[in-house]
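Fold and contact review
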Amino acid sequence: MTLRARTPDDHPRLLQVWERSVRATHDFLAEADIAELLPQVRDVYLDAVEIWVDEDADGVVTGFIGLSGAQVEMLFLDPRWRGQGIGTRLLDHARQLRGALTVDVNEQNPAAHGFYRRYGFVDTGRSETDGQGRRFPLLHMALRDPI
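None of these values were measured; they are calculated from a predicted model. (Residues numbered from 1 in each chain as written. Predicted model: local features only at pLDDT ≥ 70, side-chain atom pairs only at ≥ 80, totals over all residues. Heavy atoms only, no water.)

Let's shift gears to the layout of surface pockets. If you add up the space inside the largest pocket, you get close to 1,200 Å³. Along the wall of the largest pocket there are 44 residues; nearest its centre are His 26, Glu 73, Met 74, Phe 76 and Asn 106. Mapped onto the lining of the largest pocket, the elements with two or more residues apiece are helix H1 (11-25), helix H2 (31-48), strand E4 (71-77), helix H3 (86-98), strand E5 (102-106) and helix H4 (110-119). If one sorts the elements of the lining of the largest pocket by residue count, E4 sits on top with 7 residues. Considered class by class, the residues forming the lining of the largest pocket number 25 nonpolar, 13 polar and 6 charged. (1 Å grid on protein atoms, 1.4 Å probe; cavity = no way out; pocket = protein on both sides within 12 Å on 5 of 7 lines; lining within 4 Å. Points joined across faces, edges and corners; volume = space filled by probe spheres on them. Helix = DSSP H or I, 4+ residues; strand = E, 2+ residues; numbered from the N terminus. Nonpolar A, V, L, I, M, F, W, Y, C, P; charged D, E, K, R; others polar.)

What follows is the structure in C-alpha cells.
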C-alpha cells in the first residue's frame, strides 16, 4: 500500500471511489441526491481540499482523505477495501500533518460515526442541516487526544 499526495490524473478515480463509497454507505441519500452531489464533488469539492490517496501495489486507488486545514472534509474508501485499516491509515497521516483534527459526520451514517468514535473522536455539537442547508443533520466531532 502506498499513501501519496493526489495528482491531477487521480481525479476520475477519486470520483469513482467517492460514488462507490457513497452508494455503499449513505443509504439515506436518494438517487436524486447522489445525482445532484456528483457534479459538485467532481467540479468543486475535490479541487477545494488537500487530498491524500491510498493505493494498492498495482496502483489501484483504495481510498482517499480530503483536508482543509485540520478539518477532515472527506474520507472515502472503495467498498471492496473497507475493514482493511485504510481509513485508519489515512486518519493517522492527517493527524501527523495537522494534529488536532475535526470532522463532520452525517447523523444518518452510524457506521462512519462509530468509526470516528473508535478512532478517538468525540461529539462536540450537532447541526440540523448539512453545509448546503439540506436536510441531512451533521454531528461535529473533534479528536479527543491530538498529537
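The strand order across the open sheet formed by 7 strands is E1-E2-E3-E4-E5-E7-E6, and the pairing between neighbours is mixed. Both edges of this open sheet fall to strand E1 (2-5) and strand E6 (121-127), since each of them pairs with a single strand only. On average, each strand axis in the sheet is inclined to that of its neighbour by 25 degrees, with strand direction left out of account. Strand direction decides the pairing type here: strand E2 (residues 50-55) and strand E3 (residues 61-68), joined by 6 bridges, are antiparallel. (Pairing = 2+ DSSP bridges. Axes fitted to C-alpha atoms, helices over the stretch in contact; angles between N-to-C directions.)

Looking now at the pairing of E5. Where E4 meets E5, 2 bridges bridge the pair, whose relative direction is parallel. From the neighbouring strand, Gln 71 faces E5, where its bridge partner is Thr 102. Crossover handedness for the path E4 to H3 to E5: right-handed. Pairing geometry for E5 and strand E7 (residues 138-143), over 5 bridges, is antiparallel. Looking across to E7, one finds that Thr 102 is bridged to Ala 142. (Right-handed = clockwise from strand over helix to strand, strands pointing away.)

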